[in-house]
Amino acid sequence: STYRLGYASGFVARLNFTISFIGAGFDFCNWLKEHLVFAITLDDLQSESLEKIGRTLTDEEIHIAKKGLEFGLLTDIDTVYKTIFTEMIDNERN
């Protein structure tokens, strides 16, 4: 689809620029492993869609899902962080 191709080609162009700017020795995969904490890929989204509704999403549905994911994940992130850090502190005390 044009949305995914456009997004992918834009990403590849930015990635190529970044690598050429940083240098050919830059290991992007290693950088991601070290810096990425959580990600939901388009493949993840489409897999969930196949499982839940029996088909892949259209470009418009992907856009809607992306907005919903961003809203859902960011709406209560403070509670998530508070829970994580509270558990860490409790574990240190025990």
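Given the structure is predicted, the values throughout are model-derived calculations rather than measurements.

S.K.: Sorry, what's going on with the overall build of the protein chain here?
M.R.: Looking only at helices and strands, the protein chain has five helices and zero strands in total. When contacts within the protein chain are restricted to residue pairs at least 6 apart in sequence, long-range pairs at least 24 apart make up 47% of them.

S.K.: What exactly am I supposed to notice about a nonpolar patch on the surface here?
M.R.: Taken together, the side chains of Val37, Phe38, Ile40, Leu73 and Leu74 define a hydrophobic patch exposed on the protein surface, amounting to about 570 Å² of accessible area. Tracing the backbone shows Leu73 in helix H4 (residues 59-75).

S.K.: Which parts of the structure should I look at to understand the packing of aromatic side chains?
M.R.: Given two aromatic rings, their pairing is described by the distance between the two centres and the angle made by the two planes. Scanning all chains against the criterion turns up one aromatic pair. With a centroid separation of 6.1 Å and 15° between ring planes, the pair formed by Tyr81 and Phe85 is classed as stacked. Placement of both Tyr81 and Phe85 in helix H5 (residues 77-93) is noted, with a separation of four residues, approximately one turn of the helix.

S.K.: For this particular structure, what's the right way to read the pattern of salt bridges?
M.R.: For side chains of opposite charge, pairing can occur when their charged atoms come near one another. By the definition in use, this model includes three salt bridges. Among the salt bridges present, the one from Glu61 reaches Arg55, with a minimum N-O distance of 2.7 Å. With relative accessibility at 37%, the residue Arg55 sits in the partly exposed group. Members of the salt-bridge network, linked through shared partners, are Glu48, Glu51 and Lys52.

S.K.: Even after reading the chapter, I still don't get the environment of Asp43, so can you show me in this structure?
M.R.: Mapping Asp43 onto the fold places it in helix H3 (residues 42-53). Classification of Asp43 by relative accessible area gives exposed; the value is 59%. Here the alpha-carbon distance between Asp43 and Thr56, two residues 13 residues apart in the chain, equals 9.8 Å.

S.K.: I tried to follow the packing of H3 against H4 on my own but got confused; where do I start?
M.R.: Axes are the key here: two packed helices are described by the angle between their axes and the distance separating the axes. For the pair H3 and H4, the least separation of the axes is 12 Å and the interaxial angle reads 105°. Put simply, H3 runs roughly perpendicular to H4. Between H3, through Leu42, Leu45 and Gln46, and H4, the contact on the second element is made entirely by Ile62, Ala65 and Leu69. Grouping the constituent residues of the contact of H3 with H4 by class yields five nonpolar, one polar and no charged.

Cut-offs applied
- Residues numbered from 1 in each chain as written.
- Predicted model: local features only at pLDDT ≥ 70, side-chain atom pairs only at ≥ 80, totals over all residues.
- Heavy atoms only, no water.
- Helix = DSSP H or I, 4+ residues; strand = E, 2+ residues; numbered from the N terminus.
- Contact = heavy atoms within 4.5 Å.
- Patch = residues over 30% accessible without salt bridge, like charges linked within 9 Å, V, L, I, M, F, W, Y side chains within 5 Å.
- Areas by Shrake-Rupley, 256 points an atom, 1.4 Å probe, with all protein chains shown as cover.
- Salt bridge = Lys/Arg side-chain N within 4 Å of Asp/Glu carboxyl O.
- Phe/Tyr/Trp six-rings, centres within 6.5 Å; stacked < 30°, edge-to-face > 60°.
- Buried < 20%, exposed > 50% of the residue type's maximum accessible area, 1.4 Å probe, protein only.
- Axes fitted to C-alpha atoms, helices over the stretch in contact; angles between N-to-C directions.
- Parallel < 35°, antiparallel > 145°, perpendicular 65-115°, else oblique.
- Nonpolar A, V, L, I, M, F, W, Y, C, P; charged D, E, K, R; others polar.

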